[in-house]
Amino acid sequence: MEHSAQIQQPINASKFRKKKESIYFILVLLVSLVVWASALWGLYYGMVALTAKPSADDANLCYGKPLEGDSVFIIPDTYKQSYLDDGESCIDPLTLDPKQREVALKEYREEFEKGQEGEVGLSVAFFILFGFLLFGFLMHLYILAFVRMTAVRVGPDQFASVWESAQRLAARLGMKKVPDIFILNGEGMLNAFATKLISRKIIVLFSDLAEALSEPEHQLQLDAVLAHELGHHALGHTKLYLWLLYPGEFIPFISLSWSREREYSADRVMQALIENPEAYERGLIKLAAGKMFGNLANIDRYVDQIKQERGFMVKWAEYFSSHPFLPKRIRELRRYKEFLNIKKGIG
């Protein structure tokens, strides 16, 4: 039977942040800054070019003649002083010699094409600035609205054991307000996630995972899942400003690597809160094998699969995954525990 550790020392989550997480954060930040700068430049260039674009409608009004081929066109600003009187905006090209007509028309067409480029620049800029970001954020709000009105909210009189564990773990992390916890039908999925609605922190537990960890004698396994998700909040992984880094998603290798490192960091916070390796390792293997087989599985043999199941496609699948493979998460926790023990011994 698992016993809950009653150590009450507060934990500074930032101490458990992996260095690689900070490195990938900087890379994602740089990519996002480049994309935002490009979008803002496109917005500026587009507005300037569009403003300078000659208007065919204006040309149609010149001398009351329609715009037909090169018969009537707007003289560019650079030639107005040379060929036009003050106040005039267009000229009959028949009054110009052939060379002057060719030069003036070329300038007109260049300004017109520049204006067309400006329209493209504006479209791309608005798509980046408001399309992806706004659509993604609205979808996020929609999903959370569905969760809040469909899932069961945990409280002192609703799944009290889960609520009490969250209160205790959040207190050790120095959280002034415990995130709202919801249990949602996962339709067979064993998962949980931490997120944020503006300033409101939220944790969602899928019902199948909560059920797999619900045995009273295995309470620490459920606590481990809560500790991991609380770790995400404590480490700032759900802060609102991170939406500004959304353009960094354009380079999956960097953004997904950053995501995997955040999972490792949250695991370290979980490890610090749940000082029982059997509990958090068993909780992790249940994510892979489910309730019954997760209780029976040999954790050491599961970790050995890292060496046994190798190859190009395995590595490729990992590169495009937002989470590390579960056996690697267990191995990383064991290695970090050994590192801390060695560090304590030296100290």
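All figures in this text were calculated on a predicted structure; none of them were measured in a lab.

Thresholds, definitions, all that
- Residues numbered from 1 in each chain as written.
- Predicted model: local features only at pLDDT ≥ 70, side-chain atom pairs only at ≥ 80, totals over all residues.
- Heavy atoms only, no water.
- Helix = DSSP H or I, 4+ residues; strand = E, 2+ residues; numbered from the N terminus.
- Buried < 20%, exposed > 50% of the residue type's maximum accessible area, 1.4 Å probe, protein only.
- Pairing = 2+ DSSP bridges.
- Contact = heavy atoms within 4.5 Å.
- Axes fitted to C-alpha atoms, helices over the stretch in contact; angles between N-to-C directions.
- Parallel < 35°, antiparallel > 145°, perpendicular 65-115°, else oblique.

Visitor: Looking at this model, I keep getting lost on the environment of Glu 211. Mind explaining?
Guide: Tracing the sequence through the fold places Glu 211 in helix 6 (residues 207-212). Using a relative accessible area of 48% as the deciding quantity, one classes Glu 211 as partly exposed. Along the chain, Glu 211 and Gly 290 lie 79 residues apart, while their C-alpha atoms are 9.8 Å from each other.

Visitor: Would you take a moment to explain the sheet that holds strand 6 (residues 200-206) for this structure?
Guide: Picture the strands of a sheet paired through backbone hydrogen bonds; they go either parallel or antiparallel. Taken in spatial order, the four strands line up as 3-4-6-5 in an open sheet, and their pairing is mixed. Of all the strands in the sheet, the pair left with one neighbour each is strand 3 (152-153) and strand 5 (192-197). Two strands pair when backbone bridges link them, and strand 3 and strand 4 (residues 180-184) are joined in this way by two bridges, in the antiparallel orientation. Residue pairing in the sheet places Arg 153 in a bridge with Phe 182 of strand 4. Along the sheet face, helix 7 (residues 219-234) touches strand 4, strand 5 and strand 6 and points at about 150° away from the line of strand 6.

Visitor: Any chance you could explain the packing of helix 7 against helix 9 (residues 277-296) here in plain terms?
Guide: At a minimum axis separation of 8 Å, helix 7 and helix 9 run at an interaxial angle of 75°. Our classification of the angle between helix 7 and helix 9 gives roughly perpendicular. Residue-level inspection shows Leu 220, Gln 221 and Ala 224 of helix 7 in contact with helix 9, the latter providing Ala 279, Tyr 280, Arg 282, Gly 283 and Lys 286.

Visitor: When you look at the pairing of strand 6 in this model, what are you seeing that I'm missing?
Guide: The side chains of a regular strand alternate between the sheet's two faces. Across the seven residues of strand 6, five count as buried, placing the element largely inside the fold. Bridge count for strand 4 against strand 6 is five bridges, and the pairing is parallel. Within strand 6, the residue paired with Asp 180 across the bridge is Ile 202. Summarising the sheet, strand 5 and strand 6 pair through six bridges and their orientation is antiparallel. If you follow Ala 192 over to strand 6, its bridge partner there is Leu 205.

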